[in-house]
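Structure assessment
Spelled out, the chains give:
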Amino acid sequence: VFDAFGSYLRTIGAGPGGGDGQLEDPLFCAVDMDRELLFVSDSQNYRVQVFSYDGKFVRKWGSQGSSAGRFPDHPDGIALDSDRGLVYVTDSYQYLHVFRMDGTFVSKWPVGESATGIAIDTKHNFAYISRPHSHDIELFALDGETVLRFGKRGSAAKEFKCPSSLYLDQHEAR
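From a predicted model like this one, the values you see are computed outputs, not experimental measurements.

Within the protein one finds zero helices and twelve strands. The helix and strand sequence of the protein, counted from the amino end, reads β-β-β-β-β-β-β-β-β-β-β-β. Its C-alpha radius of gyration of 16 Å places the protein within 12% of the 16 Å reference for a compact globule of 174 residues. Each principal axis of the C-alpha atoms in the protein carries an extent, and together these give about 45 × 40 × 30 Å. When burial is assessed residue by residue, the protein has 42% of its 174 residues classed as buried. Expressed as a percentage of contacts within the protein between residues at least 6 apart in sequence, the contacts between residues at least 24 apart total 35%. Accessible surface, the protein: about 9,200 Å² in total, of which carbon and sulfur atoms supply 51%. Charge-centre separation for the protein: the mean point of 18 positive side chains lies 2 Å from the mean point of 24 negative side chains.

Counted residue by residue, strand β2 (residues 37–42) has six buried out of six residues, so it is predominantly covered. Residues L37, F39 and S41 of β2 are buried on one face, and the alternating residues L38, V40 and D42, pointing to the opposite face, are buried as well. As judged from the five bridges shared by strand β1 (residues 26–32) and β2, these two strands associate in the antiparallel manner. When the sheet's bridge partners are listed, D32 is paired in β2 with L37. Between β1 and β2, which follow one another and run antiparallel, lie four residues, and E36 among them has a positive phi close to 55 degrees. Across six bridges, β2 lies against strand β3 (residues 47–52) in antiparallel orientation. For D42, the partnering residue across the bridge sits in β3 and is R47.

Turning next to the pattern of salt bridges. According to the stated counting rule, one finds nine salt bridges in the structure shown. Between D32 and R35 there is a salt bridge; the shortest N-O distance is 2.6 Å. For D32, a relative accessible area of 0% corresponds to the buried category. Residue R35 is classed as partly exposed on the basis of its relative accessible area, which comes to 42%. Between D136 and R149 there is a salt bridge whose closest N-O contact spans 2.4 Å. With D136 in strand β11 (residues 136–141) and R149 in strand β12 (residues 146–150), this residue pair connects regions lying 13 residues apart in the sequence. Ionic contacts of the salt-bridge type, sharing partners, join the residues R131, D136, E138 and R149 into one network.

What links the strands of a sheet is backbone hydrogen bonding, and the strands pair in either a parallel or an antiparallel sense. Taken in spatial order, the four strands make up an open sheet running β5-β6-β7-β8, and their pairing is antiparallel. The sheet is open, and its two edges are formed by β5 (75–81) and β8 (105–110), each paired on a single side. Between one strand axis and the next, the sheet turns through 20 degrees on average, direction left out of account. For strand β7 (residues 95–100) and β8, the ladder comprises five bridges, and the chain directions are antiparallel. Across the sheet, the residue bridging to L96 is W109, located in β8.

Thresholds applied
Residues numbered from 1 in each chain as written. Predicted model: local features only at pLDDT ≥ 70, side-chain atom pairs only at ≥ 80, totals over all residues. Heavy atoms only, no water. Helix = DSSP H or I, 4+ residues; strand = E, 2+ residues; numbered from the N terminus. Rg over C-alpha atoms; globule rule 2.2 N^0.38 Å. Buried < 20%, exposed > 50% of the residue type's maximum accessible area, 1.4 Å probe, protein only. Contact = heavy atoms within 4.5 Å. Areas by Shrake-Rupley, 256 points an atom, 1.4 Å probe, with all protein chains shown as cover. Lys, Arg positive; Asp, Glu negative; His and termini not counted. Charge placed at Lys NZ, Arg CZ, Asp CG, Glu CD. Pairing = 2+ DSSP bridges. Salt bridge = Lys/Arg side-chain N within 4 Å of Asp/Glu carboxyl O. Axes fitted to C-alpha atoms, helices over the stretch in contact; angles between N-to-C directions.

Given below as structure tokens:
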């Protein structure tokens, strides 16, 4: 963790490995500022880990598999709906998984190949999911229904080249 000026503050996680607080290829994180928690997609361990702001391990959930609460492929993007107490996680395969903040599984739905980044629009109840292999972004209603898909490979306006991370400014969402 670094401050706004690039000065080192602390390390999150206890180093590489599979134990509590250890991370293997963490890809994305999401911050719950109200609860002062950091949620990390721990991809090579097929789980989500939660840390306090001071870097202490709080909890974890998930493992490799296809049943409820497990990831068929590496967890990738992660986003929060703090008002509803939900955590959204994409996996490298093709699903969006929904959990309560304590790790309780809620649901999952297919979102297509190579879903990575995710941003949640809490005002309009949408999930934006980036898909680098198809060079587009897909918009889903929070019940899993596809609303629209936009973008294509390129460098012109309205085109993408392997979009991965997403951020939605909740103050500007219309």
